[in-house]
Amino acid sequence: MSSQPAAVIGIGQTKHKKKRDDVSLPGLVREAAQRALDDAELNWTDIDAVVLGKAPDPFEGVMMPELSMADALGANGKPMMRVHTAGSVGGSTALVATHLVQTGVHERVLTVAYEKQAEGNAQWGLAGGRSGGMGAGGIFAPWMRTYINKSGAPEDIGWKVAVKDRQNACKNPYAHLHLPDISIEKVKESPMLWDPIHFLESCPSSDGAVAMVLTNEAGAKKAPRKPAWVLGTAMRSELGTFPGRDTVRPLAGVECAHMVYDAAGITNPREQIDIAELYVPFSWYEPMWLEGHDIAGPGEGWRMVEDGSTQITGDFPVNPSGGVLSSNPIGASGMLRFAEAALQVRGEAGEHQVADAHVGLAQAYGGAAQYFAMWVVGSSLDAVDAKK
Amino acid sequence: MTDAKQPDAKQPDAKQLAAKQEEAVDPSAPVTGMDYFMKLEYHELLCPVVREFADALMDKRLIGHKCPKCGLIYSPPRGYCPICTVQTTKADEIEIQTHGIVTNYTVVTPVQYYGQEETEPFAKVSLQLDGGGTLSLQDLPGVPVEQVHPGMRVEIVWAPDDERHVDDVTNRSWGSAEGAIRGWKPTGEADADPSEYSDKTF
Ligand SMILES: [Zn+2]
């Protein structure tokens, strides 16, 4: 599909926390964007277009924020667009920016995603202002139970994922939750929010933003730091509800994964991917996506958790950044996966760097697990071939 | 115009507002934000097939459309099968049975957002109805949450004639219609075999 290579040459994110009352909404996005520009050693005037993403407007109660943010993002007189695909939006926003470069429409594109949850009430927004809101966890909980029943996974798998991601987050200074004392016992004994999901198996509510600068091959060669090359992109969607839908392993997620593997030339994801940042807002989604994206066989995803494969030191590290379980500025959560995968293959992830990470997979999902966005990034254009 | 009347959006409650003000007790603390309540009132016209679903509810009937190509049953009907991309019409309308199996459930611990009236954990269930058709987000009033489990056989509890309404039926409904269906009650029959429901989560 791509007519020319695209690469990430700048990455910036805010410190994610419960409430960023020191900055306005435009201030928050500008902070992340400025850091991405600094990383790329570019100025606002070097940017050709801006692509912005966030989750539904009722989460903050600020309608069409892309209009009022044009100033803060230096977009006056430039193309600016806003992307929206529910929770996967951060991923699809990054992909739209990528495609603008790959197709040669623009040379340098700034992409930004954010959420400032403390400015509003996401639970109110999700419930449409009505009583009896289920929350996202209430929708996903029965699907997790089905996964547990079908796969025969022991109940401590969810707790293990919750502990692993929080331990990883302690190595990531930008992560919202830093819980050095996290333990299986604490997760297990935390209140049950949506049976079978405990409080500590759920994502926090965060304020935060993330930004990336994407450019073409010529731009990447001029970049001051190592680029992360985009080796494949894919988006897929399906209906959120229909009779006979496989909610545990949605077809759109399976097809999206195969599309991105094919685009990147990946024939064996488990062997050829060095690190994955997957959208795991509730612990059980780690084994569910490992199977739902054919990284593990049916009923094998939880075994990868159990045997430590997905630990930062394992053979298939998942969410070394701490993931959505540790920081959840909803609209930014998907792009954070994409940015973190890029940081890993650039070798710039700091304390949570995975050794010898050359091929990274990032995934975001949204709605009733019905929108998927993925990319594969590499330390070089032939990073996947080098593994064959 | 035959659209359902929408209930008034909730006005800010004086008590809740007062409680909010109580929270800000430190007069020396800088003001970093303030609550701003919005209200958006709109009337949604029901599309014709959903209108028929709503009218049937008022007659204590559940209807759906059966796709002429793949046989999947949609209730509420959509007027098309999105999988086969074929139109469905009145000719494809079928009566859905009002008893079936609980295929899955969630117990929700209510978050106290503005307008939330639930204070105790409550269950929502997915149903596979006998003869075909599925409904999501249904209530089992009076059933203790710890007794809710997949395989329970249940039957419909209609709202009484003088209280029944379809104001909450929307074009995006997943089958919830609390104004017409009070919920579902266990029939007391033996649980269904797990093979009949274990793959049906919706
Ligand atoms: Zn069909």
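In the block above lies the structure referred to throughout.
Residues numbered from 1 in each chain as written. Chains lettered and ligands numbered in written order. Predicted model: local features only at pLDDT ≥ 70, side-chain atom pairs only at ≥ 80, totals over all residues. Heavy atoms only, no water.

## Comments concerning the overall build of chain A
Consideration 1: Looking only at helices and strands, chain A features 14 helices and 11 strands.
Consideration 2: With the C-alpha coordinates of chain A rotated into their principal frame, the extents come out at 55 × 50 × 45 Å.
Consideration 3: Residues counted as buried form 63% of the 388 residues belonging to chain A.
Consideration 4: Counted over contacts in chain A with a minimum sequence separation of 6, partners at least 24 positions apart contribute 79%.
Consideration 5: When the accessible area of chain A is evaluated, it comes to approximately 13000 Å², of which 52% is carbon and sulfur surface.
Consideration 6: Each charge sign in chain A was given a centre, from 34 positive and 45 negative side chains, and these centres are 3 Å apart. (Helix = DSSP H or I, 4+ residues; strand = E, 2+ residues; numbered from the N terminus. Buried < 20%, exposed > 50% of the residue type's maximum accessible area, 1.4 Å probe, protein only. Contact = heavy atoms within 4.5 Å. Areas by Shrake-Rupley, 256 points an atom, 1.4 Å probe, with all protein chains shown as cover. Lys, Arg positive; Asp, Glu negative; His and termini not counted. Charge placed at Lys NZ, Arg CZ, Asp CG, Glu CD.)

## Focus on the pattern of salt bridges
All names here are of chain B.
Consideration 1: Within this structure, the stated rule accounts for 37 salt bridges over all chains.
Consideration 2: With a closest N to O distance of 3.1 Å, Lys90 and Glu93 form a salt bridge.
Consideration 3: Classification of Lys90 by relative accessible area gives exposed; the value is 54%.
Consideration 4: On the accessibility criterion, Glu93 (22% relative accessible area) is partly exposed. (Salt bridge = Lys/Arg side-chain N within 4 Å of Asp/Glu carboxyl O.)

## Brief notes about helix H5 (residues 135-151) of chain A
Residues and elements named next belong to chain A.
Consideration 1: In a regular helix each residue adds 1.5 Å, so 17 residues correspond to 24 Å; H5 covers 25 Å between its end C-alpha atoms and thus fits that length.
Consideration 2: Of all the bends in H5, the greatest reaches close to 35° and is centred on Ala141; the proline Pro142 follows between one and four positions later.
Consideration 3: With 14 of 17 residues buried, H5 lies mostly within the body of the structure.
Consideration 4: Phi turns positive one or two residues past the end of H5, at Gly152, with a value near 70°. (Expected span 1.5 Å × (residues − 1). Bend = angle between axes of the 7 residues up to and from the residue.)

## Some details on the packing of aromatic side chains
All names here are of chain A.
Consideration 1: Per the stated rule, a full pass over the model turns up 13 aromatic pairs over all chains.
Consideration 2: Residues Trp194 and Phe282 carry aromatic rings whose centres are separated by 5.6 Å and whose planes lie at 85° to one another, so their mutual orientation is edge-to-face. Taken together, the positions of Trp194 in strand E5 (residues 192-194) and Phe282 in the loop between strand E9 (275-277) and helix H11 (285-292) put the pair 88 residues apart, joining distant regions of the chain.
Consideration 3: Residue class for Phe282 comes out buried when judged on its relative accessible area of 4%. (Phe/Tyr/Trp six-rings, centres within 6.5 Å; stacked < 30°, edge-to-face > 60°.)

## Some words on empty space enclosed by the protein
Residue and element names in this part refer to chain A.
Consideration 1: Under the defined criterion, the tally for this structure stands at four cavities of 30 Å³ or more.
Consideration 2: Of the pockets and cavities examined, the second largest cavity occupies roughly 50 Å³.
Consideration 3: Around the second largest cavity, the lining residues are Gln13, His16, Asn172, Ala175, Ser321, Gly323, Ser327, Leu336, Arg337 and Glu340.
Consideration 4: Of the residues forming the lining of the second largest cavity, the biggest block, three residues, is contributed by helix H14 (residues 330-346).
Consideration 5: Residue composition of the lining of the second largest cavity, by class: two nonpolar, six polar and two charged. (1 Å grid on protein atoms, 1.4 Å probe; cavity = no way out; pocket = protein on both sides within 12 Å on 5 of 7 lines; lining within 4 Å. Points joined across faces, edges and corners; volume = space filled by probe spheres on them. Nonpolar A, V, L, I, M, F, W, Y, C, P; charged D, E, K, R; others polar.)

## Here we look at the layout of surface pockets
Residues and elements named next belong to chain A.
Consideration 1: In this model, the second largest pocket occupies a volume close to 250 Å³.
Consideration 2: Surrounding the second largest pocket, 16 residues form its lining, Ile11, Gln13, Tyr174, Leu343 and Glu348 being those nearest its centre.
Consideration 3: Counting residues per element, the lining of the second largest pocket draws most heavily on strand E1 (residues 6-13), at three residues.
Consideration 4: In the lining of the second largest pocket, the residues fall into five nonpolar, five polar and six charged.

## Quick notes on the coordination of the zinc ion
Reference values for coordination geometry: four tetrahedral donors around a metal ideally subtend 109.5 degrees, six octahedral donors ideally subtend 90 or 180 degrees.
Residue and element names in this part refer to chain B.
Consideration 1: Within the protein, the atoms that donate to the zinc ion are Cys67 (SG), Cys70 (SG), Cys81 (SG) and Cys84 (SG), at distances of 2.3 Å.
Consideration 2: Considering all four donor atoms around the zinc ion, angles at the metal cover 105 to 113° and the coordination shape is tetrahedral.
Consideration 3: Here the donor residues for the zinc ion map to a single chain with the spacing C-x2-C-x10-C-x2-C. With Cys70 in the loop between strand E1 (62-66) and strand E2 (73-74) and Cys84 in the loop between strand E3 (80-81) and strand E4 (86-87), this residue pair connects regions lying 14 residues apart in the sequence.
Consideration 4: The class of Cys70 is partly exposed, set by a relative accessible area of 36%.
Consideration 5: The exposure class of Cys84 is buried, given its relative accessible area of 14%. (Donors = N, O, S within 2.8 Å, 3.2 Å for Na, K, Ca; no water. Tetrahedral: all angles 85-135°; square planar, octahedral: opposite > 155°, others 65-115°.)

## Overview of the packing of helix H3 (residues 89-102) of chain A against H14(A)
All names here are of chain A.
Consideration 1: Interaxial distance between H3 and H14 falls to 5 Å at its minimum, and their mutual angle equals 60°. Taken as axis vectors, H3 and H14 run oblique relative to one another. Listed contacts from H14 to Val89, Gly90, Gly91, Thr93, Ala94 and Leu95 of H3 are Gly331, Gly334, Met335 and Phe338.
Consideration 2: Its residues assigned to classes, the contact of H3 with H14 shows five nonpolar, five polar and no charged. (Axes fitted to C-alpha atoms, helices over the stretch in contact; angles between N-to-C directions. Parallel < 35°, antiparallel > 145°, perpendicular 65-115°, else oblique.)

## Description of the environment of B:Arg51
Residue and element names in this part refer to chain B.
Consideration 1: In this structure, Arg51 sits in helix H2 (residues 48-58).
Consideration 2: On the basis of relative accessibility, which here comes to 15%, the residue Arg51 falls in the buried class.
Consideration 3: When the C-alpha positions of Arg51 and Ala159 are compared, they lie 18 Å apart, and in sequence the two are 108 residues distant.

## Concerning the environment of B:Ala180
Residue and element names in this part refer to chain B.
Consideration 1: In this fold, Ala180 is placed in the loop between strand E9 (153-158) and strand E10 (181-186).
Consideration 2: Since its relative accessible area comes to 0%, Ala180 is described here as buried.
Consideration 3: With 147 residues separating them in the primary sequence, Ala180 and Gly33 have C-alpha atoms 41 Å apart.
Consideration 4: Beyond its immediate chain neighbours, meaning those up to four positions away, Ala180 contacts Leu57, Val157, Trp158, Ala159, Arg164, His165 and Val166.

## Considering the pairing of strand E2 (residues 49-53) of chain A
All names here are of chain A.
Consideration 1: Counting buried positions along E2 gives five out of five residues, so the element sits mostly inside the fold.
Consideration 2: Burial along E2 is two-sided: Ala49, Val51 and Gly53 facing one way and Val50 and Leu52 facing the other are all buried.
Consideration 3: Sheet topology places E2 next to strand E4 (residues 108-116); five bridges connect them, and they run parallel. For Ala49, the partnering residue across the bridge sits in E4 and is Val109.
Consideration 4: Here E2 runs beside strand E3 (residues 80-83); their pairing, made up of four bridges, is parallel. Within E3, the residue paired with Leu52 across the bridge is Arg82. (Pairing = 2+ DSSP bridges.)

## Points about the sheet that holds E1(B)
Residue and element names in this part refer to chain B.
Consideration 1: An order of E2-E1-E5 is seen for the three strands of this open sheet, with the pairing classed as antiparallel. Strands with a single pairing partner mark the edges of an open sheet, and in this sheet they are E2 and strand E5 (93-96).
Consideration 2: Note that E1 and E2 share two bridges and pair antiparallel. By the bridge assignment for E2, Lys66 is matched with Ile73.

These figures capture arrangement, not role.
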